[in-house]
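Structure assessment
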Amino acid sequence: MKSKLFIVLLLLIFSCKEKSSSKISSDLVLANLNSGELINIDFSKPEYSDLKIYTNDTITSDGWKINYLVKNDSTGLRDLYIKWSKGDNSEIFLMEDVLLMRRYFIPVLNKNNANFIYMTHGCATSCSGVLTLSKESKPIAKDFLEVIDYNTDFDQIVYIPERSYSLDTFEIAVSDLKKGIDKSVKFKNKCNLSPENGCIDRIDFNEKYIDIFATLLNSETGKAIKENNRINITE
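This one's a predicted model, so the numbers in the text were calculated from it and none came from an experiment.

Attention now goes to the sheet that holds strand β10 (residues 147–151). With antiparallel pairing, the 4 strands of this open sheet are ordered in space as β10-β11-β12-β13. The strands lining the two open edges of the sheet, one partner per strand, are β10 and β13 (181–187). Neighbour-to-neighbour, the strand axes of the sheet open up by a mean angle of 15 degrees, direction not taken into account. Where strand β12 (residues 170–176) lies against β13, 7 bridges are found, and the strand directions are antiparallel. Residue pairing for β13: I172 is matched across the bridge by V185.

In structure tokens:
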């Protein structure tokens, strides 16, 4: 009889805890379900208590404000919005479902120059991404995944394009943000490493071209071979 009573008491305790936990989660979802307004993150809420070190609003040295926002609706526990603005110039970028992932997937300010804001973030266990936010009168955002390296002096990003994932060919892409030029090159030899950026030895940036040096696998001999390619950045 005592054992049955103990079991009943345990069930009641767990039931109360579960209801309390559900209430914490549902407050945000149900409070303003249909409004969908962008709001500042309330770090006092248990759902967001660990976000503070990853979502610090800031102002760059040249006066651009960066704000992390969520919507006060059912997406508030999934999606994160990044707003960057200065005066009348502003735009908002959606990081869909990022709050469901590990916190290092959230972009954080890394570098800033006269033309762009550079925010770095994870995109997989061994994957680095760069979110670029322009400072034009109509700002635009570009998010690059599998980034190998980038240079803020020339506003150039070198990355592995999605079409090259898990293929026999090894392709590297380059984006010159300032000139609006995107180019790529396919190497003759194969990369046998994962992630593939491990095959890159060095990248030399230049206003007119980018040199990429790699150690790859010769498909005929099976031996390591050095290969380099130059990608010309012209208008």
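Right, picking up where we left off after that structure.
Looking at the secondary structure, you find T55 in the loop between β1 (38–40) and β2 (58–59). At 2.8 Å, the side chain of T55 and the backbone oxygen of L51 are in polar contact. In contact with T55, not counting residues within four places along its chain, are I41, F43, Y68, L80 and I106.

Turning our attention to the sheet that holds strand β9 (residues 141–144). One open sheet holds the 4 strands; their spatial order is β6-β7-β8-β9, and the pairing between them is antiparallel. Strands with a single pairing partner mark the edges of an open sheet, and in this sheet they are β6 (108–112) and β9. Mean inter-strand twist for the sheet, computed between neighbouring axes without regard to direction, equals 25 degrees. Relative to β9, strand β8 (residues 127–134) runs antiparallel, the two being bridged by 4 bridges. Within β9, the position partnered with T132 by the bridge is K142.

To continue, consider the environment of K83. Residue placement: K83 occurs in strand β4 (residues 80–86). Assessed through its relative accessible area of 30%, K83 is described here as partly exposed. Distance in space between the C-alpha atoms of K83 and L133 is 9.6 Å, their sequence separation being 50 residues. Excluding residues that lie within four positions of it along the chain, K83 makes contacts with K65, I66, N67, L69, S90, E91 and I92.

What follows covers the packing of aromatic side chains. Aromatic ring pairs are described here by two measures, namely the spacing of the ring centres and the angle between the planes. Taken as a whole and assessed by the stated rule, the structure comprises 5 aromatic pairs. Taken together, F116, Y118 and Y150 form an aromatic cluster joined through their ring pairs. A cation sits over an aromatic face here: K111 above Y150, 5.5 Å from the ring centre. Over the face of the ring belonging to Y209 we find R230, whose NZ or CZ atom lies 3.7 Å from the ring centre.

Thresholds applied
- Residues numbered from 1 in each chain as written.
- Predicted model: local features only at pLDDT ≥ 70, side-chain atom pairs only at ≥ 80, totals over all residues.
- Heavy atoms only, no water.
- Pairing = 2+ DSSP bridges.
- Helix = DSSP H or I, 4+ residues; strand = E, 2+ residues; numbered from the N terminus.
- Axes fitted to C-alpha atoms, helices over the stretch in contact; angles between N-to-C directions.
- Polar contact = N/O pair within 3.5 Å; in protein donor to acceptor, adjacent residues only side chain to side chain.
- Contact = heavy atoms within 4.5 Å.
- Buried < 20%, exposed > 50% of the residue type's maximum accessible area, 1.4 Å probe, protein only.
- Phe/Tyr/Trp six-rings, centres within 6.5 Å; stacked < 30°, edge-to-face > 60°.
- Lys NZ or Arg CZ within 6 Å of the ring centre and 35° of its normal.

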